[in-house]
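Working through the structure, step by step
Chain residues, written in single-letter form:
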Amino acid sequence: LKSPDGKRIVLVTTDHMGMSKTVYESIYSRVNQRFKIDRADFMLTFSHNHCGPCLRDDLIDYYPSDDDQHKAVEKYTDWMENQVLDAIGDALAKWQPAQLLMGEGDCTFAVNRRENPEAEVPGMIGAGIPFKGVVDHYVPVLAVKSLKGKLLGVLFGYACHPTTLSINSWCGDYPGFAQINLESSHPGVTAMFFNACGADQNPLPRRTIELCEKYGRMLSDAVEKVLADPMKPVSPVIRTSFKSAGLAYEEIVTREKLVPIAGGNASVQERWAKRMLNLIDRDTIFPTSTTYPVQACKLGKELLMIGIGGESVVDYSLRFKREYGQGTWVCGY
């Protein structure tokens, strides 16, 4: 997007499970070098799709990988970074006058996974027992239209894990099916999904392609309803900011705490503990704090997009919307 005064911003959405700081910094440095776009004007998101390809320096302890698999991940990551750069270049080369319109719908398949055990959910539905725990069922929608009103693109979000499936095959999960539905209904339109704050939310029940397609249809139907209703115009003014907050760790791991975990049952925690012990054996000094990225993009007076790193729970979205008011959208991940 570009405002009349020449201010440019770029939002990249991807269908990956995770995005390491290594990959983000690599992509951003190339974006800055090639397109002269400042960090505050570049937002990179991933859907957290659990059936997406693994990237460099992500899921290290989750997937024990051999040398060939590591090479495949490295090769794919390099290819993906080039795809992102080329997509940005293509977009920046095709400016056209446009209008932005915003709206919000709702979709109800996300369930608080901390409060509702998955095995109990079908019985709760059958007995009409309401689910427990906090949720955030809003569906933010940003429509990009030509000056004549033709829909060109749509950005939409939802707060829920894309974990309908648990198969080792590539699939966009429910966001992917929602994007397919929208692009099929509106030929020539690009549909882009961002995950809101869904770290404690799952699509339940789950585990089948049919449910995945169902949830994708529910979400795309929610977006279609917003597009069909009157939407609020967004003023052509852009303001951005990016800062990293310093966060001290509550505890630094020690050999005494790691040894019992490392003797476990081949779990993720065991692999992590063994890796930490190897680092300790090499006299590694662990940092006592980390930095947490917080990003904001204000479009006109109508829309405030807040981007926060990692896997954030719905409490953050609900709090930010309460504190900053209507038209606040929170992008986790």
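Report on the accompanying structure. (Residues numbered from 1 in each chain as written. Predicted model: local features only at pLDDT ≥ 70, side-chain atom pairs only at ≥ 80, totals over all residues. Heavy atoms only, no water.)

Bringing the packing of helix H1 (residues 21-35) against helix H2 (residues 67-92) into the picture now. It is the contact of H1 with H2, at a shortest axis distance of 11 Å, that shows an interaxial angle of 35°. Along this stretch, H1 crosses H2, giving a crossing that reads as right-handed. Between H1 and H2, the contacting residues are Val-23, Ser-26, Ile-27, Arg-30, Val-31, Arg-34 and Phe-35 on the first element and Thr-77, Met-80, Glu-81, Asn-82, Val-84, Leu-85, Asp-86, Ile-88, Gly-89 and Leu-92 on the second. When the residues that make up the contact of H1 with H2 are grouped by side-chain class, the tally is nine nonpolar, four polar and four charged. (Axes fitted to C-alpha atoms, helices over the stretch in contact; angles between N-to-C directions. Helix = DSSP H or I, 4+ residues; strand = E, 2+ residues; numbered from the N terminus. Left-handed = near helix turned anticlockwise from the far one by under 90°. Contact = heavy atoms within 4.5 Å. Nonpolar A, V, L, I, M, F, W, Y, C, P; charged D, E, K, R; others polar.)

In spatial order, the strands read S7-S6-S5-S3-S9; together these five strands make up an open sheet with mixed pairing. Taken across any chain shown, the strands that pair with only one partner, and hence form the sheet edges, are strand S7 (190-195) and strand S9 (232-233). Inspection of the sheet shows strand S6 (residues 151-158) paired to S7 by six bridges, in the parallel sense. Along S7, the bridge assignment pairs Leu-155 with Met-192. Contacting S6 and S7, helix H4 (residues 173-185) runs over the sheet at an angle of about 155° to S7. (Pairing = 2+ DSSP bridges.)

Time to look at the pattern of salt bridges. Going through the model one piece at a time under the given rule, you end up with 17 salt bridges. Of the charged contacts in the structure, one is a salt bridge between Asp-61 and Arg-275, with a shortest N-O distance of 2.7 Å. Taken together, the residues span a long stretch of sequence, with Asp-61 in the loop between strand S2 (42-46) and H2 and Arg-275 in helix H7 (residues 268-281) at a distance of 214 residues. Judged by its relative accessible area of 10%, Asp-61 falls in the buried class. The shortest N-O distance in the salt bridge between Asp-229 and Lys-225 comes to 3.1 Å. Overall, Asp-229 belongs to the partly exposed group, its relative accessible area being 35%. Among the residues examined, Lys-225 registers a relative accessible area of 54% and is labelled exposed. (Salt bridge = Lys/Arg side-chain N within 4 Å of Asp/Glu carboxyl O. Buried < 20%, exposed > 50% of the residue type's maximum accessible area, 1.4 Å probe, protein only.)

Two elements in contact, helix H6 (residues 255-262) and H7, have axes separated by 8 Å at closest approach and are oriented at 140°. With respect to H7, the element H6 is oriented oblique. Both H6 and H7 take part in a crossing whose hand is left-handed. The residues of H7 that touch H6, namely those facing Arg-255, Leu-258, Val-259, Ile-261 and Ala-262, are Gln-269, Glu-270, Trp-272, Ala-273, Lys-274, Met-276, Leu-277, Ile-280 and Asp-281. A breakdown of the residues in the contact of H6 with H7 according to their chemical character gives nine nonpolar, one polar and four charged. (Parallel < 35°, antiparallel > 145°, perpendicular 65-115°, else oblique.)

Looking now at the sheet that holds strand S13 (residues 328-331). Reading across from one edge, S10-S11-S12-S13 is the order of the four strands in this open sheet, with mixed pairing throughout. This sheet does not close on itself; its edge strands, each paired only once, are strand S10 (238-248) and S13. When the angles between neighbouring strand axes are averaged without regard to direction, this sheet yields 20°. Alignment of strand S12 (residues 303-308) against S13, held across four bridges, turns out to be parallel. From the neighbouring strand, Gly-307 faces S13, where its bridge partner is Cys-331.

Another aspect to go through is the environment of Ala-191. Inspection of the secondary structure assignment puts Ala-191 in strand S7. Remark: the alpha-carbon pair of Ala-191 and Pro-4, spanning 187 residues in sequence, is separated by 25 Å. Excluding residues within four positions of it along the chain, Ala-191 makes contact with Val-154, Phe-156, Gln-179, Leu-182 and Glu-183.

Here the focus is the environment of Asp-200. Inspection of the secondary structure assignment puts Asp-200 in the loop between S7 and strand S8 (201-203). Separated by 113 residues in the primary sequence, Asp-200 and Val-313 place their C-alpha atoms 5.5 Å from one another. Every residue in contact with Asp-200, bar those within four places of it in the chain, is listed here: Val-111, Asn-112, Arg-113, Arg-114, Val-134, Val-313, Val-314 and Asp-315. Within the structure, Asp-200 has its side chain in polar contact with the side chain of Gln-201 (distance 3.0 Å). In this structure the side chain of Asp-200 is engaged in a polar contact, spanning 3.4 Å, whose partner is the backbone nitrogen of Val-314. (Polar contact = N/O pair within 3.5 Å; in protein donor to acceptor, adjacent residues only side chain to side chain.)

Looking now at the pairing of S6. When you tally the buried positions in S6, you get seven out of eight residues, the bulk of the element. Note: strand S5 (residues 138-145) against S6, five bridges, orientation antiparallel. Residue Val-141 lies in a different strand from S6, and its bridge partner there is Phe-156. With H4 bridging S6 and the parallel S7, this β-α-β connection has right-handed handedness. (Right-handed = clockwise from strand over helix to strand, strands pointing away.)

With eight of its eight residues buried, S5 lies for the most part within the structure. Examined bridge by bridge, strand S3 (residues 99-106) and S5 share eight bridges and lie antiparallel to one another. Bridge pairing in S5 places Gln-99 opposite Lys-145.

No statement about biological role is implied by the geometric values presented.
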